[in-house]
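# Structural overview for review
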Amino acid sequence: MLYPSFLAPQQQLLRWRPLLAAALTLSLMSAVPARADDPPTIAELTADFAHHPGFLDLYFSAQEHSLYVAVPAEGTDALYVNYLAAGVGSNDIGLDRGQIGNTRYVQLQVHGDRVLVVQPNLAYRARSENADERRAVTEAFASSVLASLPIKARDDQHVLADLTAFATTDVHGIVGRLRGTKQGNYKLDGARSLVLGDALESFPKNTVVEALLTFSGSDPGNYLSDVTPTPQALSVRIRHDFIAAPDAGYRPRTYHPRSGGYSREFYDFAAPLDSPLRKQIVARHRLQRDAESGQTLDPIVYYVDRGAPEPIRSALMEGASWWAQAFAHAGYPDGFRVELLPEGASPLDIRYNVIQWVHRATRGWSYGWGVIDPRTGEILKGHVTLGSQRVRQDQLIAEALTGPFGEGGDGGAAAREMALARLRQLAAHEVGHTLGLAHNFAASGQGDASVMDYPHPYIRLDGRGKIDITKAYSVGAGRWDLHAIDYLYRGFAQAEEAPGLRQIIAAGADLAYLSDADARSPSTAAPGAHLWDNGADPLARLEELMRIRALALKKFSAAVLRPGRPLYEAEARLVPVYLVHRYQLEAAAKLIGGTHYRYGLRREAVPDPAPVSAKRQLRAIDAVLGASAVDTLLVRPHIRALMHPPESESARTREYFTHRTGRVFDPNAPVRAGAQLTASLLLDSQRAERLLAQQAQDPALPSLDVLLERIATDRIQLSEGGTSAKAVAAREIAWTFLRELQRLSIDANASQGVRTTVMGTLRDIQGWASEQAASSYHQELAAELTRFLERPSEASLGPRHPIPPGSPI
């Protein structure tokens, strides 16, 4: 019988006393015949049950609809993970088919008439041969009992525990997810939830339980209503997997900040005093070569979901196969391959690394995750989820840019190929995550050095001045990918590993690497790290993209619509063309108040952080502010003529601009969105803080005052009045910038210095407007700012102008 290692010694002693007495009593009664109320043997109880032998034997009673699991009498340990076998289908809610929960190391402990499922606390450990040291750490931190399973039968070797209640609980956190996404108040309905007896499986190394869960509730949100036939009753399928804990043959590998891998961290209280408590290891698959033949003993194989249709299936297989090149570079020429999932195999089976094709009501993110041993970082199963609607969005973008359905067009052939090229790259990217690789958002500045960046289609102008999308995406693994796989997977003898890894890091010293924390937010300061940008020079690429945008808008016509499509859908194609510069604009904005820096360790050749030069920052201010010029944002008459209202049975979705004119097209809706995009970037509070700080350190660098003065002069202090389309658009832009200035002046997250500086600019604008009084615009501007400056804390600024969603593409 096992006892929880988290109990203090005194508590263990107190528990032993009654158990010793009970043991003595049992020994004295051993000759007494069993009473009628003694628990039955496992064979007696399960005589009529369906039996699934494997890692943990399962027994299912179809009559009682009850599930039982046989646990060794001395207990056992396992990895536990839950999945959604069938999801909700909404990207916004985020409960997708195939979604994997966190992998937990658990101990199945037998205590009297119960089996406890205990999760030890692996965040705090003692990697020591000394049992007392290990116990001191174990007893210092809490563990978690995930379940208490009643024992219903036993024999000499096993106990039989009732798993029914645990199998039908909300271990995936569905109620919390619905609440967090404001989709209503729901609770698990036990009467409409049950174990699915025909989905039970048990294999030598894992045991699988599947259950149907129904959640009942009220006040369903729009996202849930869109994807559920009766929103008051949401039913999904959850899968529980108990996996045999891997053997001790795997050797964890130390994390390095420029390795490109994920950090799995814990605290080791047995570490020497001159060594940090915090330890970091990478996540990776186990990969070994036969010493004699040199062949890979157990190659990494990824399987593509049979539910993916052609030509998508072939694109997924081709893109995922790019990793074979990286593994060959790391010394495993036969170490990686891609195949089609065997017919009848489950994508959730622990034996298969899977690329799963998942449908949702809207386009949404794809992601790569897996089953990872939390003790060591060993990846046991890679699992990729690819949203099926993304490829359609890529094709829509390509069609909108090229207008292929007019006279002389190619009927969308180039657009289809661009979408498939993106899908190949996406498959490689998400498989990379399941191999242990993090994002590298600095790779696009080094010639697409990694598939682990987010690539924007590299649209060009050809020699004839036409938009060219034929080479929108790069092909194959890049230099960074080879470097990262080399670090994670190259085999070393134990004594050679540390110097070998240092050599790999040194060999990749010229490769740039910055990941999510330094890139994902538009507020970040690293000018070389951004999502969906292209090129080594963000300003040069922005200028090029603005020329492409102008040409695409000039030639925008009904040829962007496939014959037979509703006319109002032209607006859905206008959106990605009108905002095609949005990501490159964010990349250019990071030069303003930006700082160049890299990751590294002491005594490595890592340059000190350095600000972006004054010249580059001033050029960036011009370029970013120029993207909101009225001539840039004004919607031209030939485009307005193409914008039809939706027909009676249809409506605009969130992929459209937000209109103030009802169902007819609002020509200023794109103007507001474009102005909001630029104003939010320039007047970001963190960017403002950096401008204020950098000028104090080096007066030669641009100050916050410089930026604010340009905004006031070029975007708000208008002399043009009247009711022309251009004049109205200019005022929409001006009011958008003014509102962002007001928000920044009262932003609680901004320093007093930033708020004071912005308030000064608002006072200057108010004084200028009061002196002008040349039009109703000036009068309204002066009155608005007078009210605001008197009581800024009482201001009601309203919401920001909505911008149609961009990511993911």
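To be clear, the structure that these remarks concern was listed above.
What you see is a predicted model; the values in this text were computed from it and never measured.

### A closer look at the overall build of the protein chain
Helix and strand counts for the protein chain come out as 24 helices and 26 strands. Since a compact globule built from 809 residues should have a radius of gyration of about 28 Å, the 31 Å found for the protein chain is in line with a globular shape. Across its three principal directions, the C-alpha atoms of the protein chain cover 110 × 65 × 60 Å. The burial tally for the protein chain puts 51% of its 809 residues in the buried class.

### Thoughts on the packing of aromatic side chains
By the definition in use, this model includes 22 aromatic pairs. Aromatic pair Phe-327 and Phe-336: ring centres 5.5 Å apart, planes at 0°, arrangement stacked. The class of Phe-327 is buried, set by a relative accessible area of 0%. Each ring, one from Trp-480 and one from Tyr-513, has its centre 4.6 Å from the other, and the planes form 20°; the classification is stacked. Separated by 33 residues along the polypeptide, Trp-480 in helix α11 (residues 479-489) and Tyr-513 in the loop between α12 (497-507) and α13 (538-554) bring together distant segments of the chain. Both residues of the pair, Trp-480 and Tyr-513, count as buried. We note Arg-289 situated over the ring of Tyr-332; from NZ or CZ to the ring centre the distance is 5.3 Å.

### Thoughts on the environment of Ser-314
Locating Ser-314 in the fold gives a position in helix α7 (residues 312-320). The spatial distance from the C-alpha of Ser-314 to the C-alpha of Ser-366 is 18 Å, given a sequence separation of 52 residues.

### As for helix α9 (residues 390-402)
Relative to the 18 Å expected for 13 residues at 1.5 Å per residue, α9 spans 19 Å between its end C-alpha atoms, a close match to the ideal helical length. Counting buried residues along α9, 11 of its 13 residues qualify, which places the element largely inside the surrounding structure. Considered for burial, the residues of α9 that qualify are Arg-390, Val-391, Gln-393, Asp-394, Gln-395, Leu-396, Ile-397, Ala-398, Glu-399, Ala-400 and Leu-401.

### Description of a nonpolar patch on the surface
Residues Tyr-124, Tyr-267, Phe-269 and Leu-277 make up a contiguous nonpolar surface patch of roughly 330 Å² in combined accessible area. Looking at the element boundaries, Tyr-267 is found in strand β15 (residues 263-268).

### A word on empty space enclosed by the protein
To locate leftover empty space, one rolls a probe as large as a water molecule over the atoms. Tallied over the full model, the rule gives 3 cavities of 30 Å³ or more. Approximately 50 Å³ is the volume found for the largest cavity. Among the elements that line the lining of the largest cavity, the one with the most residues is helix α10 (residues 413-434), at 5 residues.

### Focus: the pairing of strand β2 (residues 58-61)
What you see with β2 is no split at all: Leu-58 and Phe-60 on one side and Tyr-59 and Ser-61 on the other are buried throughout. Count of turn residues in the strand β1 (residues 50-52)/β2 antiparallel hairpin: 5 residues. Two strands pair when backbone bridges link them, and β2 and strand β3 (residues 66-72) are joined in this way by 4 bridges, in the antiparallel orientation. Paired with Phe-60 across the bridge in β3 is Leu-67. Connecting β2 to the antiparallel partner β3 that follows it, the hairpin turn spans 4 residues, and His-65 within it adopts a positive phi of roughly 55°.

### As for the layout of surface pockets
Within this model, the largest pocket holds a volume of roughly 1,000 Å³. Gln-389, Arg-392, Gln-393, Leu-396 and Arg-573 are the residues nearest the centre of the largest pocket, which is lined by 39 residues in total. Going through the elements one at a time, α9, α10, α14 (570-578) and α15 (582-589) are the ones with two or more residues in the lining of the largest pocket. With 7 residues, α9 is the single largest residue contributor to the lining of the largest pocket. For the lining of the largest pocket, the per-class residue count stands at 20 nonpolar, 7 polar and 12 charged. Quantified by volume, the second largest pocket comes out at close to 820 Å³. Considering the residues around the second largest pocket, the lining is formed by 26 residues, among which Lys-205, Asp-298, Ile-350, Glu-378 and Leu-380 are closest to the centre.

### Re the packing of α15 against helix α19 (residues 669-682)
Where α15 meets α19, the closest approach of the two axes is 10 Å, and the angle between their N-to-C directions is 20°. Overall, the two elements α15 and α19 adopt an arrangement that is roughly parallel. Crossing of α15 against α19: the hand is right-handed. Facing Arg-582, Leu-585, Glu-586 and Ala-589 of α15, the residues of α19 in contact are Leu-677, Thr-678 and Leu-681. Residues of the contact of α15 with α19, tallied by class, amount to 4 nonpolar, 1 polar and 2 charged.

### Some thoughts on unusual backbone geometry
Residue Pro-311 is bonded to the preceding Glu-310 through a cis peptide linkage, with omega at 5°. Here Pro-311 is to be found in the loop between β18 (300-304) and α7. Each neighbour pair has its own omega, and for Ser-807 with Pro-808 the value is -5°, a cis peptide bond. Position of Pro-808 relative to the elements: it lies in the segment after α24 (776-790).

### Some remarks on the pattern of salt bridges
Per the counting criterion, the structure on display carries 42 salt bridges. Of the charged contacts, one joins Arg-239 and Glu-201 as a salt bridge, the two residues approaching to 3.2 Å between their closest N and O atoms. Taken together, the residues span a long stretch of sequence, with Arg-239 in strand β14 (residues 233-244) and Glu-201 in strand β12 (residues 201-202) at a distance of 38 residues. Residue Arg-239 is classed as buried on the basis of its relative accessible area, which comes to 3%. When its relative accessible area of 28% is taken as the criterion, Glu-201 is described as partly exposed. Measuring nitrogen to oxygen at the nearest pair gives 2.7 Å for the salt bridge that ties Glu-339 to Arg-337. Using a relative accessible area of 29% as the deciding quantity, one classes Glu-339 as partly exposed. One connected set of salt bridges, linked through shared partners, spans Glu-201, Glu-210, Arg-237 and Arg-239.

### Overview of α7
Owing to its 3.6 residues per turn, the α-helix brings residues three or four apart onto one side. Of the residues making up α7, those classed as buried are Ile-312, Arg-313, Ala-315, Leu-316, Gly-319 and Ala-320. One side of α7 carries all its buried residues, which in axial view fall inside an arc of 165°.

### Digging into the nonpolar core
Core analysis: the largest hydrophobic core is formed by 154 residues, its most contacted members being Leu-316, Trp-323, Phe-327, Leu-435 and Leu-781. Among the elements that make up this core, the one with the highest residue count is α10 (10 residues). By size, the runner-up hydrophobic cluster in this structure holds 26 residues, among which are Phe-60, Val-69, Tyr-80 and Phe-166.

### Looking at the sheet that holds β15
Strand pairs in the sheet, formed through backbone hydrogen bonds, run parallel or antiparallel to each other. Taken together, 3 strands build an open sheet; the order of strands is β7-β15-β16 and the sheet is mixed. The open sheet has two edge strands with one neighbour each: β7 (124-125) and β16 (278-282). Examined bridge by bridge, β7 and β15 share 2 bridges and lie parallel to one another. Residue pairing across strands places Tyr-124 opposite Tyr-267, the latter belonging to β15.

### Description of the side chain of Thr-181
Note that Thr-181 resides in the loop between α5 (174-180) and β10 (185-188). Side-chain polar atoms of Thr-181 contact the backbone oxygen of Arg-177, separated by 2.8 Å. At 3.4 Å, the side chain of Thr-181 and the backbone oxygen of Leu-178 are in polar contact. The residues touching Thr-181, leaving out its near neighbours within four places in the chain, are Asp-92 and Ile-93.

Rules behind the numbers
Residues numbered from 1 in each chain as written. Predicted model: local features only at pLDDT ≥ 70, side-chain atom pairs only at ≥ 80, totals over all residues. Heavy atoms only, no water. Helix = DSSP H or I, 4+ residues; strand = E, 2+ residues; numbered from the N terminus. Rg over C-alpha atoms; globule rule 2.2 N^0.38 Å. Buried < 20%, exposed > 50% of the residue type's maximum accessible area, 1.4 Å probe, protein only. Phe/Tyr/Trp six-rings, centres within 6.5 Å; stacked < 30°, edge-to-face > 60°. Lys NZ or Arg CZ within 6 Å of the ring centre and 35° of its normal. Expected span 1.5 Å × (residues − 1). Patch = residues over 30% accessible without salt bridge, like charges linked within 9 Å, V, L, I, M, F, W, Y side chains within 5 Å. Areas by Shrake-Rupley, 256 points an atom, 1.4 Å probe, with all protein chains shown as cover. Salt bridge = Lys/Arg side-chain N within 4 Å of Asp/Glu carboxyl O. 1 Å grid on protein atoms, 1.4 Å probe; cavity = no way out; pocket = protein on both sides within 12 Å on 5 of 7 lines; lining within 4 Å. Points joined across faces, edges and corners; volume = space filled by probe spheres on them. Pairing = 2+ DSSP bridges. Nonpolar A, V, L, I, M, F, W, Y, C, P; charged D, E, K, R; others polar. Axes fitted to C-alpha atoms, helices over the stretch in contact; angles between N-to-C directions. Parallel < 35°, antiparallel > 145°, perpendicular 65-115°, else oblique. Left-handed = near helix turned anticlockwise from the far one by under 90°. Contact = heavy atoms within 4.5 Å. Arc of directions from axis to C-beta. Core = buried A, V, L, I, M, F, W, Y, C linked by side-chain atoms within 4.5 Å. Polar contact = N/O pair within 3.5 Å; in protein donor to acceptor, adjacent residues only side chain to side chain.

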